[in-house]
Amino acid sequence: MRILHTSDWHLGRAFHRVSMLGAQAEFIGHLVTTVREREVDAVVVSGDVYDRAVPPLAAVELYDDALHRLAELGVPTVMISGNHDSARRLGVGSGLMGRAGIHLRTDASAAGVPVILADSHGDVAFYGLPYLEPALVKDEFAVDKPGHEAVLAVAMDRVRSDLATRAPGTRSVVLAHAFVTGGAPSDSERDISVGGVSSVPAGVFDGVDYVALGHLHGSQTLTDRVRYSGSPLPYSFSEADHRKSMWLVDLGADGAIDAERVDCPVPRRLARLRGRLDDLLDDPGLARHEDAWVEATLTDPVRPAEPMARLCARFPHTLSLVFDPERAPDDPDVSYARRLAGRDDQQIAEDFVAHVRGTGPDSHEQAVLRDAFDAVRADETLRETAR
């Protein structure tokens, strides 16, 4: 069975205030063409179809167009909700859509209920695990201490239990939206950490033939059977070196995996430039970036006059301007943002306690801070889901 694995469309998202709807529509066209020309048997979309719980109308129309075009090809599609999606909204009409071959899996309680597709070698069971927010599914999965690994482990136990009831030789594919240990994140994924832990070990997925992951925006192979497709388009300058693609996976009669990357259309290259303003404007070696979307980090000791206007005269698609003046590390004027770079909310809070009190928080206080941050993030998720 030939499977096309994609994820993280983020329909409706902009790139530094530049609308990506045109590029997203081009990607959908490319997806449909790939399905037709490469004789794909099933499409899997591993979450974050939309960029937010209540997407703009134009994004909904593009999603509707994508589903109609896939249904017209007669190629089954299995799709799950991600942490940016509203599971309830995305799942509306799933029963009717299923009759057209579009199988939406947005209900955590149905983790062990597969979509069964068949080829000449027998059945393939597709299990859709929507994004499992621990605070929201802890009762469904009866876990005492909710965390990503705990809830995913229960969901996968249900998958393996159902698979054990299937005919011998039944192959299996799991769709999941999670941060799996070993994956490389970018700046454009939303933090999903619980108790300071955001990742789960790849071993939680043992026992199935292929795991189609979503959430991280870089295409990557964790094991031969566990892969991220990545987002089809860039959504932050941290993705400047990404090769945006989908996985074309041939699932053999014996469960063997043969995977090929299929490149996605590139709307415009990304470039991250760093240096003094005059050097960036005069360097002939930077001519290749004049048509790129540019993030410029200026290192001038004194902020130059009209830096954005001057940059845009040479690099008209400059979208982001960062100031990082050349200073000694112990310079008292080193920026606050620079001092906080790479530190998470928990570390910043602990530093504040140490600054105010003279000593850092003890283990009990650290736990209180973690619980507080988890409660705020879970509350934000609940409020967004309820909108």
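Given the structure is predicted, the values throughout are model-derived calculations rather than measurements.

Asker: Give a description of the overall build of the protein that names residues and reports values.
Answerer: The number of helices and strands found in the protein is eleven helices and 19 strands. Radius of gyration (C-alpha) of the protein: 23 Å, near the 21 Å computed for a compact globule of 387 residues. Seen through its C-alpha atoms, the protein measures out along the principal axes to roughly 70 × 55 × 40 Å. Residue burial in the protein is summarised as follows: out of 387 residues, 47% are buried. Long-range pairs, those at least 24 residues apart, make up 69% of the contacts in the protein with a sequence separation of at least 6. Accessible surface, the protein: about 18,100 Å² in total, of which carbon and sulfur atoms supply 51%. Counting 41 positive and 60 negative side-chain charges, the protein places the centres of these two groups 2 Å from one another.

Asker: Which residues make up the side chain of Thr-299, and what are the values?
Answerer: Assignment of secondary structure puts Thr-299 in the loop between strand S18 (293-298) and helix H8 (307-314). In this structure Thr-299 touches Arg-274, Gly-275, Arg-276, Asp-324, Pro-325 and Glu-326, once residues within four positions along its chain are discounted.

Asker: Lay out the sheet that holds strand S12 (residues 210-214) in plain terms, naming residues and giving numbers.
Answerer: Pairing in this open sheet of six strands is mixed, and the strands run S7-S8-S9-S12-S14-S13 from one edge to the other. Only two strands of the sheet have a single neighbouring strand rather than two, namely strand S7 (115-119) and strand S13 (220-223). Taking the axes of each pair of neighbouring strands and ignoring which way they run, one obtains an average angle of 20° across the sheet. As paired strands, S13 and strand S14 (residues 226-228) are joined by three bridges and run antiparallel to one another. Opposite Thr-221, over in S14, you have Arg-227 as the bridge partner. Of the strands in this sheet, strand S8 (122-129) and strand S9 (171-177) are in contact with helix H6 (residues 148-164), which crosses S8 at around 160°.

Asker: Residue-level account of the nonpolar core, with values.
Answerer: In terms of nonpolar packing, the biggest core is built from 31 residues, with Leu-129, Leu-132, Phe-141, Leu-152, Val-174, Phe-205 and Leu-213 touching the most fellow members. Contributions of two or more residues to this core are made by S8, H6, S9, strand S10 (179-180), S12 and S14. Of all hydrophobic cores here, the second largest spans 28 residues; its members include Ile-28, Tyr-50, Tyr-63 and Met-79.

Asker: Hey, could you go over the sheet that holds S18 for me, with residue numbers and the actual values?
Answerer: Strand order in this open sheet of three strands is S17-S18-S19, and the pairing throughout is parallel. Both outer strands of the open sheet, strand S17 (270-275) and strand S19 (318-323), are each paired with one neighbouring strand and no more. Strand after strand, the sheet turns through a mean of 15° between neighbouring axes, direction not considered. Summarising the sheet, S18 and S19 pair through five bridges and their orientation is parallel. What sits directly across from Ala-296, in S19, is Leu-321.

Asker: So what about the packing of aromatic side chains? Which residues, and what values?
Answerer: The way to describe two aromatic rings as a pair is by their centre distance and the angle between their planes. Counted under the stated rule, the structure contains four aromatic pairs. Geometrically, the ring pair formed by Trp-9 and Phe-27 is edge-to-face, given 5.9 Å between the ring centres and 70° between the ring planes. Of the two residues, Trp-9 sits in the loop between strand S1 (2-6) and strand S2 (14-15) while Phe-27 sits in helix H1 (residues 21-37), which places them 18 residues apart along the sequence. The same class applies to Trp-9 and to Phe-27, which are both buried. When the ring of Phe-15 is compared with that of Trp-293, the centres are 5.3 Å apart and the planes differ by 35°; the resulting orientation is tilted.

Asker: Explain H1 to me, and be specific about the residues and the numbers.
Answerer: The end-to-end C-alpha separation of H1 is 24 Å, in line with the 24 Å expected for 17 residues at 1.5 Å each. Turning to H1, its buried residues are Ala-23, Gln-24, Phe-27, Ile-28, Gly-29, Leu-31, Val-32, Thr-34 and Val-35. Directly beyond the C-terminal end of H1, a positive phi value near 55° is found at Glu-39.

Asker: Provide a residue-level description of the side chain of Thr-318, including the pertinent values.
Answerer: Position of Thr-318 among the secondary structure elements: in strand S19. A distance of 2.7 Å separates a polar side-chain atom of Thr-318 from the backbone oxygen of Phe-315. Excluding residues within four positions of it along the chain, Thr-318 makes contact with Val-294, Met-308, Leu-311 and Cys-312.

Asker: Requested: an account of the packing of H1 against helix H2 (residues 57-73), with residues and values cited.
Answerer: Following both chains from N to C, one finds H1 and H2 inclined at 10°, their axes separated by 10 Å at the closest point. As the angle between them shows, H1 and H2 are arranged roughly parallel. Of the residues in H2, those in contact with Leu-21, Gln-24, Ala-25, Ile-28, Gly-29, Val-32, Val-35 and Arg-36 of H1 are Ala-58, Ala-59, Leu-62, Ala-66, Arg-69, Leu-70 and Leu-73. Grouping the amino acids of the contact of H1 with H2 by side-chain chemistry returns eleven nonpolar, two polar and two charged.

Asker: Before we move on, could you go through the pairing of S1 and cite the residues and values that matter?
Answerer: Extensive coverage of S1 is indicated by the burial of four of its five residues. The sheet contact formed by S1 and strand S15 (residues 245-251) spans four bridges and is antiparallel. Opposite Leu-4, over in S15, you have Leu-248 as the bridge partner. Judged from the four bridges that link them, S1 and strand S4 (residues 42-46) form a sheet pairing that is parallel. Along S4, the bridge assignment pairs Ile-3 with Ala-42.

Asker: Tell me what's going on with the pairing of S7, and back it up with residues and numbers.
Answerer: Where S7 meets S8, five bridges bridge the pair, whose relative direction is antiparallel. Looking at the pairing, Asp-119 lines up with Gly-122 of S8. Connecting S7 to the antiparallel partner S8 that follows it, the hairpin turn spans two residues.

Asker: Tell me about unusual backbone geometry, and please be specific about residues and values.
Answerer: The backbone of Arg-17 shows a phi angle near 75°, a positive value even though the residue is not glycine. Relative to the helices and strands, Arg-17 resides in the loop between S2 and strand S3 (18-19). Here Arg-17 falls in the exposed class, since its relative accessible area comes to 72%.

The rules behind these values
Residues numbered from 1 in each chain as written. Predicted model: local features only at pLDDT ≥ 70, side-chain atom pairs only at ≥ 80, totals over all residues. Heavy atoms only, no water. Helix = DSSP H or I, 4+ residues; strand = E, 2+ residues; numbered from the N terminus. Rg over C-alpha atoms; globule rule 2.2 N^0.38 Å. Buried < 20%, exposed > 50% of the residue type's maximum accessible area, 1.4 Å probe, protein only. Contact = heavy atoms within 4.5 Å. Areas by Shrake-Rupley, 256 points an atom, 1.4 Å probe, with all protein chains shown as cover. Lys, Arg positive; Asp, Glu negative; His and termini not counted. Charge placed at Lys NZ, Arg CZ, Asp CG, Glu CD. Pairing = 2+ DSSP bridges. Axes fitted to C-alpha atoms, helices over the stretch in contact; angles between N-to-C directions. Core = buried A, V, L, I, M, F, W, Y, C linked by side-chain atoms within 4.5 Å. Phe/Tyr/Trp six-rings, centres within 6.5 Å; stacked < 30°, edge-to-face > 60°. Expected span 1.5 Å × (residues − 1). Polar contact = N/O pair within 3.5 Å; in protein donor to acceptor, adjacent residues only side chain to side chain. Parallel < 35°, antiparallel > 145°, perpendicular 65-115°, else oblique. Nonpolar A, V, L, I, M, F, W, Y, C, P; charged D, E, K, R; others polar.

Any functional reading would require information beyond the geometric quantities listed.
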